[in-house]
Structure formats: structure tokens, C-alpha cells
Amino acid sequence: MNDFTSDLAVKTSPKAFASDLRARLDAVDTVDPQELCRVIGLSLSPPELSRIVLNEAHRFLLRRTLQAAVEHVPYYRNDTSYKTWADVEPGVAPDICHFPILNRKMFDGDSNELLAENVRLRGICHTSGTTGSPVQIYKSFEETEFLQNYFGCMIANAIRPGAKKPLSFSLPNVYHGSPTPLPSPGLSLVGGVTDDTLIRDALSVLERTHNLAGYERRISTLSGLGHHILFLTNFMLEQGKDPKSLSLRAVNVTGGYLSTRWRRFLEEAWGPIIQDRFSLTETIAGASRIRGSETFVFDPHIFPEVIGPDYDDETAEIGRLVLTNLYPFVIMQPLIRYETSDLVARVENHTSNTLSFDYLGRVKNCISLKDSGQCEWLIFSAKLHDILSEIPDIRVFDWFSNVRSARDRSVGSLPMMSLKHTDDGSTCHIRIALELRYSPHTHLSRVEELRTTIIHALRQVPRTELASRMDDGRVRLEVSFLPPDGLETPPEIKV
């Protein structure tokens, strides 16, 4: 694959360009991380041919993914569904809809059935278990080496020669076991916010001037889980510290849905440097939110799909998110057409070649009904969360009960609520129960105001039919309020 891209950008017709690119890719024996980095880099540029590059790169990597899975992973080798490949003409996006959909149930059996037999185990990470039994994800030495080389190439292309290396500060997620080591353009310092010592030390590290040969003197990037970043930000403000005074270049937020209200809070505190990432343990890639919008754009080194809620529509605007990890970014435990349990809305985006989407919530937390065989959405849990996060009356559970030096230990926590529905075929009953910070009978006029506000806001949510179905009597929506500790069901900690 050496010098593969040396004359790839030659001006030619799109059809001829696509055919030439496919021929070159099909002739490759070993995937070279540096050359693949250059190819995928070409797919990120705006010109017309960049979409062709991405489609052909996806086709090339999907074929390698399928070949490696069938040859070395018992689960795929024993299923005849994976023995055929439906090819498309050069330049067209590959279509893998004839392969089965995988979900978490596949992890209930023998885990060795899902693992490649030709690579060496390096480490194991796992999902947090907040939406079911934890899923173990196995990583090999071979894929880790590839990832190091691929992302190392990306970093080398972005660094200015002779520039001092940056310092970053990370609040890592300790829930997920062994992390996959990835290269960094500089040095990453690690801290936490979950007790008094950690959060004070975190603030000290951010404020400190560091004297390390070859490195910048101040932290330039802060990264961590959304609720950790929120809590640290509020703690700084409580201490009379202005986050903008740190002059950070970026604050990277990941792990869990961040509501519109809390994104606005972070942007007001730090400035327009918030970078919101959609990610999950089962993949090595993710998606980045377009600044100032609700829309995420996927990384190019994963193959995403949106399928209908009943698995019957490959072009659905609203549907289940399905992801395929690509070889050799993932080798030991390939997941082909893995359903993430997330509901998303496909968004047209002329500035990106990869799938763009708005996040709507976990499938199990969203409510719909069937009318003449068609799915009508009534409530998206992410939008409900947006509405509730604007109401300070609602009680939240405390993520950070051990941080006694913080005056408000609830910032970043989710509301204490339950969302249930029943459908007898004629009427769908939706019940939202919310814990308040006070007894509802002590503030009757305020409670009625909250009920009116919530119902009105839910009726206005785009892409839903709640308002029309409430008006024609098909849906009844009940919003009830409870005193502190009045909710009997455990809180939902995934939106």
C-alpha cells in the first residue's frame, strides 16, 4: 500500500476516478495505517470526489472486516448469512443490509464464539451496565498496534514542526475497565472530581504553570464525562474562579446525553470551545456534535446505518442506530451491524460525507404507537430531558455526594422521574411522574404551572405526533408530581 495516494487526486471524471480507486484498493495485500490515514483524509475534504473516496474506503474495509470475521471468528464462520457479499458499482456507498442485525443478546452465550482465534488478547473493557448486563469488549495487541500507528499518523500531520507539545487534563471514566491506549499529541495529566481531595487537586492542576521541557506551560485541553465536566465547572464558579481565565483551547465532553440547557451552561462558562462527543464502549469510533446545533457527524472509520424501528426500513428518517466496526480498527471482536439501542433522526448535511444525525434517546425510553402499520413517535426521551433540565423545581439524584467542599453536589445529575405508558388499542396512556424538591401540595399554583409548561413543550417537539394524537383522543398524557423520595422506581440514568 506504499505510495498509494501519491497521484490519487489526479483530475478525471468521477466514474473513472472511482474505478481507478477501487482497482488500487482491491490490489492491496496489507492495510498500511499511514496510507489508510491518507486515503480517509481525502474523504474529509469538500471536493466532489471526496464522497467517492469515503464510499470506496468503506467498501474496502467492510470486505476486509467480513473476510477476517468469517475466517477467524466462530460466530460468523458458522452463519451462512456472512458467506456472500452484495457489491455495488464503483463510487456508490456499500450496502450490507442483507446481513443480520446483532444486539446485546448475542453476548449472553459463549463469549469465545465472538473472538478471533488468530490474535492475542491485550485487554478487556466493558459497558457500564446502566442499560442491562455489562458487555465485555476484548482488544488484541494487533489492533492496538494498528490504532497507535493510524492515529499517530493523524497527529503527525496536524502538528507544526518545532512547536511545543500541548498539555491536556483528563477526567477518565473508571467504569469501563482497561482503556485502549491511543497516542496523544502531547502529555495527558489525569485527575478526578469525585471526592474533596480529587476535585481540589484537579483545580490546582488546571491553574498551575508547568515547567516541562518541550511542553507548553499551561493545560490547553480538558476532557471528561459530561457530568464530571459540569460538576467541576460549577465547583470553580462556587470558588469564585472564572473558567475563561484558564484560556483553554478545547473542553471535550463525552459519555451520556448533555441537554441543551447544560451545553449552554458550559458554553457560557468556558466560551465557544465545547466539543461534544457521542461514543460507546463497543466501538473505537464515535460522532462529534456540530457546534451550535443538535446534529452529530460520525467519524469516517466506522460504518453507521439508521434502520426503521421495526427493522424493516433501511432508509428511515427516524430509527435505530446500527454500527459496524471496521477491520483493522477492530480485529479481535468484530461487530457487524450492531444495534446500539439508540434512537436517532437522520439529518441531511451537505458539509459532511459521513452519516449525520440528531440524538433522540434510548429506544426503550422513547414512546410510539402504530397507526395503519406506520410508527408515530410521541415522546423522545432526549427531548423530554431537555424540557425537564430547564426546571429547577425537579429533584435530581446526587452523583457527587462525597464532595463536601461543593455547595451544590447535584450539578450534572439527572432528574428523579419515571416514564410509563400502556396502550389498549384505542387509547395510549402516557404517565410521567416527577419528584420535586418540595411537597407538591405546598405549592399548588406552581405545580399546575409546571404541568402546563411540560405538556405544552412536549406537544411542540418536532418529528412527534403527540399534539395531534392528544387532540383526537388517541393519547392521554398525565404529568404527576411527587415529594422528595416519593418515586418508588429506581431513577433512569441513561436518557
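These numbers were taken from a predicted model, which means no experiment stands behind them. The numbering scheme is per chain: residues are counted from 1 as the chain's sequence reads. Totals for whole chains, interfaces and linings use all residues, but because this is a predicted model, local features are given only for residues with pLDDT of at least 70 and pairs of side-chain atoms are given and counted only at 80 or more. Here the side-chain values reflect all heavy atoms present in the structure, with hydrogen atoms and water set aside.

Undergrad: Where do I start with the sheet that holds strand β6 (residues 250-254) in this structure?
TA: One bridge is not enough; two strands pair if DSSP finds at least two bridges between them. The helix count covers DSSP runs of H or I at least four residues long, the strand count covers runs of E at least two residues long, and both are numbered beginning at the N terminus. Taken in spatial order, the 11 strands line up as β4-β3-β5-β6-β7-β8-β9-β13-β12-β11-β10 in an open sheet, and their pairing is mixed. One side of each edge strand has no neighbouring strand; the edge strands of this open sheet are β4 (187-190) and β10 (302-307). Neighbouring strand axes in the sheet, compared pairwise and without regard to direction, differ in orientation by 35° on average. When strand β3 (residues 165-171) meets β4, the two strands line up parallel, connected through four bridges. By the bridge assignment for β4, Ser 170 is matched with Val 190. Where helix α8 (residues 260-270) meets the sheet, it contacts β5 (215-225), β6, β7 (274-278) and β8 (287-289), and its direction lies at approximately 145° from that of β7. Axes here refer to lines fitted to C-alpha atoms; in helices the fit is confined to the stretch in contact. Angles between the N-to-C directions go from 0 to 180 degrees. Residue contacts are counted whenever heavy atoms from the two residues lie within 4.5 Å of one another.

Undergrad: Help me out: how do you make sense of the packing of helix α9 (residues 381-388) against helix α10 (residues 444-459) in this one?
TA: Any two packed helices are characterised by the angle at which their axes cross and by the distance between the axes. One way to put it is that α9 packs onto α10 with a least axis distance of 10 Å and a crossing angle of 140°. By crossing handedness, the relation of α9 to α10 is classed as right-handed. On α10, the residues touching Leu 384, Ile 387 and Leu 388 of α9 are Ile 454, Ala 457 and Leu 458. The residue inventory of the contact of α9 with α10, partitioned by class, reads six nonpolar, no polar and no charged. Here a crossing is taken to be left-handed if its near helix is turned anticlockwise relative to the far helix by less than a right angle, and right-handed if that turn runs clockwise. Ten residue types, Ala, Val, Leu, Ile, Met, Phe, Trp, Tyr, Cys and Pro, are classed as nonpolar, four, Asp, Glu, Lys and Arg, as charged, and the remainder, Gly among them, as polar.

Undergrad: Which parts of the structure should I look at to understand the side chain of Lys 139?
TA: Tracing the backbone shows Lys 139 in strand β2 (residues 136-140). Under the scheme applied here, a residue whose accessible area is under 20% of the maximum for its type counts as buried, over 50% as exposed, and between as partly exposed, the area being computed with a 1.4 Å probe on protein chains only. Think of it this way: Lys and Arg go in the positive column, Asp and Glu in the negative one, and His and the chain ends go nowhere. Think of a salt bridge as a Lys or Arg side-chain nitrogen and an Asp or Glu carboxyl oxygen that are within 4 Å of each other. Here Lys 139 occupies a buried position and makes no salt bridge, while the nearest side chain of opposite charge, Glu 143, is found at 4.2 Å. Residues in contact with Lys 139, not counting those within four places in the same chain, are Arg 120, Leu 121, Arg 122, Gly 123, Cys 125, Thr 180, Ile 284, Val 330 and Met 332.

Undergrad: What exactly am I supposed to notice about empty space enclosed by the protein here?
TA: The gaps of empty space that remain are located by a probe, the size of a water molecule, rolled over the atoms. A 1.4 Å probe that fits into a set of points on a 1 Å grid over the protein atoms alone but cannot get out defines a cavity; an open set with protein on both sides within 12 Å along at least five of seven lines defines a pocket, and lining residues are those with an atom within 4 Å of a point. Grid points are joined across faces, edges and corners, and a volume is the space filled by probe spheres set on the points. Counted under the stated rule, the structure contains four cavities of 30 Å³ or more. In this structure, the largest cavity is lined by Arg 263, Glu 267, Ile 274, Gln 275, Asp 276, Arg 289, Ile 290, Arg 291 and Gly 292. Sorting the residues of the lining of the largest cavity by element identifies α8 and β7 as the ones contributing at least two each. Element by element, the count of residues in the lining of the largest cavity is highest for β7, at three residues. Taken together, the residues of the lining of the largest cavity break down into two nonpolar, two polar and five charged. Here the second largest cavity is characterised by a volume of approximately 40 Å³. Residue lining of the second largest cavity: Arg 122, Gly 123, Ile 124, Lys 139, Thr 144, Ser 178, Pro 179, Thr 180 and Pro 181, and that is the complete set. In terms of residue count, the dominant contributor to the lining of the second largest cavity is strand β1 (residues 121-126) (three residues). Per-class residue counts for the lining of the second largest cavity are three nonpolar, four polar and two charged.

Undergrad: How should the pattern of salt bridges be read in this particular structure?
TA: Charged atoms that come close allow side chains of opposite charge to pair. Enumeration according to the criterion identifies 36 salt bridges in this entry. Note that Asp 87 and Arg 63 form a salt bridge whose closest N and O atoms lie 3.7 Å from each other. With a gap of 24 residues between them, Asp 87 in the loop between α4 (74-77) and β1 and Arg 63 in helix α3 (residues 49-72) connect regions that are remote in the sequence. For Asp 87, a relative accessible area of 38% puts it in the partly exposed group. Residue Glu 376 pairs with Arg 469 through a salt bridge whose shortest N-O separation is 2.8 Å.

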